[in-house]
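Understanding the architecture of this molecule
These are the residues of each chain, in order.
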Amino acid sequence: MELKDKLLSSFMVFEDRVHDQSKDLNDIRNAAIKTFEQKGFPTKKDEDWKYTSLNALLKHDYSISPQQETAVEFKDVKKFFIHDIDTYKIVFIDGKYSSFLSETTHDGIDVCLMSSALNKPKYKIIIDSYYNKAAKSDHSLTSLNTAFASEGAYIHIPKNKVVEKPIQIVHFSTGNEASLLLQPRNLIVVDENSHVQIIERHQSLTSNVVLTNSVTEIFANKRAIVDYYKIQNDNQQASLIDNTYISQKQSSHASVHTFSFGGKLIRNNLQFFQKGEHIDSTMKGITIIGNKQHVDHNTLVHHIEPNCESHQDYKGIFADRSTGVFNGKVVVEKEAQKTNAFQANNNILVDDKATINTKPQLEIFADDVKCSHGCTIGQLDKDALFYLRSRGIPTKEAKALLTYAFANNVLESVKINSIKTRINKLIAQKLGVNLGFDL
Amino acid sequence: MLHVKNLHASVEDKAILKGINLEVKAGEVHAIMGPNGSGKSTLSSVIAGKEEYEVTDGEIFLNGENIEELSAEERAHEGVFLSFQYPVEIPGVSVTNFVKTAINETRKAKGEDEMPASAMLKKIREKAELLEIDRKFLSRSLNEGFSGGEKKRNEIFQMAMLEPKLAILDETDSGLDIDALRIVANGVNKLRSEDNAVIVITHYQRLLEYIVPDFVHVLHNGKIVKSGTKELALELEEKGYDWIKQEATV
Ligand SMILES: Nc1ncnc2c1ncn2[C@@H]1O[C@H](COP(=O)(O)OP(=O)(O)O)[C@@H](O)[C@H]1O
Ligand SMILES: [Mg+2]
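Analysis parameters
- Residues numbered from 1 in each chain as written.
- Chains lettered and ligands numbered in written order.
- Predicted model: local features only at pLDDT ≥ 70, side-chain atom pairs only at ≥ 80, totals over all residues.
- Heavy atoms only, no water.
- Donors = N, O, S within 2.8 Å, 3.2 Å for Na, K, Ca; no water.
- Helix = DSSP H or I, 4+ residues; strand = E, 2+ residues; numbered from the N terminus.
- Buried < 20%, exposed > 50% of the residue type's maximum accessible area, 1.4 Å probe, protein only.
- Core = buried A, V, L, I, M, F, W, Y, C linked by side-chain atoms within 4.5 Å.
- Contact = heavy atoms within 4.5 Å.
- Near = heavy atom within 4 Å.
- Polar contact = N/O pair within 3.5 Å; in protein donor to acceptor, adjacent residues only side chain to side chain.
- Areas by Shrake-Rupley, 256 points an atom, 1.4 Å probe, with all protein chains shown as cover.
- Axes fitted to C-alpha atoms, helices over the stretch in contact; angles between N-to-C directions.
- Parallel < 35°, antiparallel > 145°, perpendicular 65-115°, else oblique.
- Left-handed = near helix turned anticlockwise from the far one by under 90°.
- Nonpolar A, V, L, I, M, F, W, Y, C, P; charged D, E, K, R; others polar.
- Pairing = 2+ DSSP bridges.

Here we take up the coordination of the magnesium ion (ligand 2). Under perfect tetrahedral coordination by four donors, a metal shows angles of 109.5 degrees; under perfect octahedral coordination by six donors, it shows angles of 90 or 180 degrees. Residues and elements named next belong to chain B. Taken together, Ser41 (OG) and Gln85 (OE1) make up the full set of protein donors to the magnesium ion (ligand 2), lying 2.0 to 2.3 Å away. Linking Ser41 in helix α1 (residues 40–48) with Gln85 in the loop between β6 (80–83) and β7 (90–94), this pair joins segments that are 44 residues apart in sequence. Overall, the relative accessible area of 16% leaves Gln85 in the buried class.

Judged by nonpolar contacts, the single largest core of 118 residues is most densely connected at A:Phe259, A:Ile286, A:Ile423, B:Leu2, B:Phe157 and B:Leu166. Leave out the neighbours within four places in its chain, and A:Ile286 touches A:Thr258, A:Phe259, A:Ser260, A:Phe261, A:Lys315, A:Ala407, A:Val410, A:Leu411 and A:Ile427. The next biggest cluster of nonpolar side chains, apart from the first, holds 30 residues, and it includes A:Ala220, A:Met283, A:Val301 and A:Phe326.

Glancing now at the site of ligand 1. All names here are of chain B. Lining the immediate environment of ligand 1, one finds 13 residues, of which Gly37, Lys40, Ser41, Thr42 and Tyr53 sit closest. At a separation of 2.8 Å, an oxygen atom of ligand 1 approaches a polar backbone atom of Gly37. Computed on the free molecule, ligand 1 has an accessible area of 550 Å², of which 68% lies beneath the protein chains in the complex. When contributions to the shell around ligand 1 are tallied by element, the ones reaching two or more residues are β2 (14–24) and α1. In terms of residue count, α1 provides more of the shell around ligand 1 than any other element does, three residues in total.

Residue and element names in this part refer to chain A. Interhelical geometry of helix α8 (residues 382–389) versus helix α9 (residues 395–407) gives an angle of 125° and a closest axis separation of 9 Å. Looking at the two axes, α8 sits oblique to α9. Judged by the twist between their axes, the crossing of α8 over α9 is right-handed. Taking contact as the criterion, the partners of Ala384, Leu385, Leu388 and Arg389 in α8 are, on α9, Thr395, Ala398, Lys399, Leu401 and Leu402. The class makeup of the residues in the contact of α8 with α9 is six nonpolar, one polar and two charged.

We now examine the pairing of strand β12 (residues 223–228) of chain B. All names here are of chain B. Sheet topology note: the strand β11 (residues 215–220)/β12 ladder contains five bridges and is antiparallel. Among the inter-strand pairings, Val216 is bridged to a residue of β12, identified as Gly228. Between β11 and β12, which pair antiparallel one after the other, the connecting turn spans two residues, and Asn221 there sits at a positive phi close to 50°.

The next point concerns the side chain of A:Lys6. Residues and elements named next belong to chain A. Here Lys6 shows up in helix α1 (residues 3–18). The buried category is assigned to Lys6, whose relative accessible area is 18%. For Lys6, the side chain forms a polar contact with the main-chain oxygen of Tyr62, separated by 2.6 Å. If we skip the residues at most four places from it in the chain, Lys6 touches Met1, Asp61, Tyr62 and Ile64.

Structure (structure tokens):
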């Protein structure tokens, strides 16, 4: 059976099983599955999917709701956490919450589970006001997630709170089932003047096939600051479609840093909506891949109101036969005067067989705006390489240093030092070097 | 130490070096002068192992060994050091970390252990003092935002750390004020011994007052057209290169 048909028939069974308390939620699910039924999986005929094919991924016979629970020992997975600082943790194994690995809280803030939030009356107000309000309802993969959404992270920070500890959301998969489809659903609501830092990671612990279709909605209310870090360094059998929607109110700052170093196929759909003045939206990324890996960044910033800014800076380093896509869309509405939108996408192709398709899309309807965009595709600078080698640094290490120097400025805006250190280590690991110091 | 025999080199089929002969013995200082575009930087790059340049004829011997097959890093491990006319910027990598990497990679290549951290620190402090380099400077990203003079001083700092056998200084004096010039020259002179050699590429007599050469060569159109002692440098300063060019064409 085709995956689409399998999903459609599973939905009925699923619906009976979840017993949503709210009728609203039922309506949302039903509308979503209809959208998915109509649209199906995106194909290369869709303009937005021209360079990313899901065909190979959709051939597997995925288990949609794994029944078996797998135990995971902390010592075996410690390395996948940022563990040198104190953090809250919301951890899932094969889509199921692991209380053992997690550290949640209800003390002044809610850092807990989507399953509780969707079903317990005390969260109803927030769910009614925010759930599925930022996610694009006409987007087929997001709709597929919405139809089946039952678990994920739920974070609500009431107003005037600076959350001192970062929050880690970690999805492990063991794939006890031969191939696994995971659809986590996260909701993050940050109220006025509050500040939160979140780290998200998807990690497969075996070599079984896993496909994750994740949806995250983030709401940054007035003057809120939200910093989000995505660490994508999964193994060769794991693929990720990440759909993240960020809705911002007046004077809020939201940033998303995406570090893509591993996985078979990664598609990041990242969309910012500016619903107020003096908003700042930042999205940055470092992609370093090789083999036949594929990473596709599809971003949108929707400037709706005046006096806002957006900053995009994506660096890509592609080796072997890896392929990259950057499709960055900036829409500036007529009302959005004095917008300042900056976009840069710089790439290095390490090998002849690697490719990158980069396409900025600017749709500007206002006349008093500052928009700049630039994309470059190049190679490591030969003169620079010779400089390093002439100092006795072997070619491989010299290339690593130059690659690092190329990507480095993306790390400047990372506010958590432990993340910087970790990313530097991952870069060194990815480039296969030990330079005797932490990059 | 270095023996260059009938060296011809070209880039993209354009001949740049057209039969260079040069012998530099341990303990000696040689100056190479010559008009812009005569091939001075190319000669340095070819000796240091830049692959972009194709050696079409001739040989380079280092301590009696033909180095044709050695990569740039291997030549560095053998003790060749080039102070660049245009040093490269490496954002995110500090001067200290860069120098540590260069030293330890060289030691690794020779089968030696890494230099102990305390010894490394001591050496860095010593050499920074010699070149009057501020401690804060060492934690900055390599060459990023450095002034021309700072870049050159940093090149000589790296040279002092690496203690090469053959140092080639390509226009290290350009961009230096008189104080910096003295400091840099002092750094170079400290390195000089019976066991190593220095090639100084410069346009100006000024540097040669501090680093006194045993021999001066004039490079013109890819060839050494005149060699002499330090007095030749003075003569060039006075008369310019035109008379040499004329002599060469006669
Ligand atoms: N990589 C290169 N590609 C093309 N031409 C080059 C290259 N390097 C040097 N040249 C040419 O070779 C000649 C000598 O250059 P160079 O060695 O830099 O001279 P100098 O250092 O004496 O000023 C010049 O005409 C220069 O344009
Ligand atoms: Mg030159």
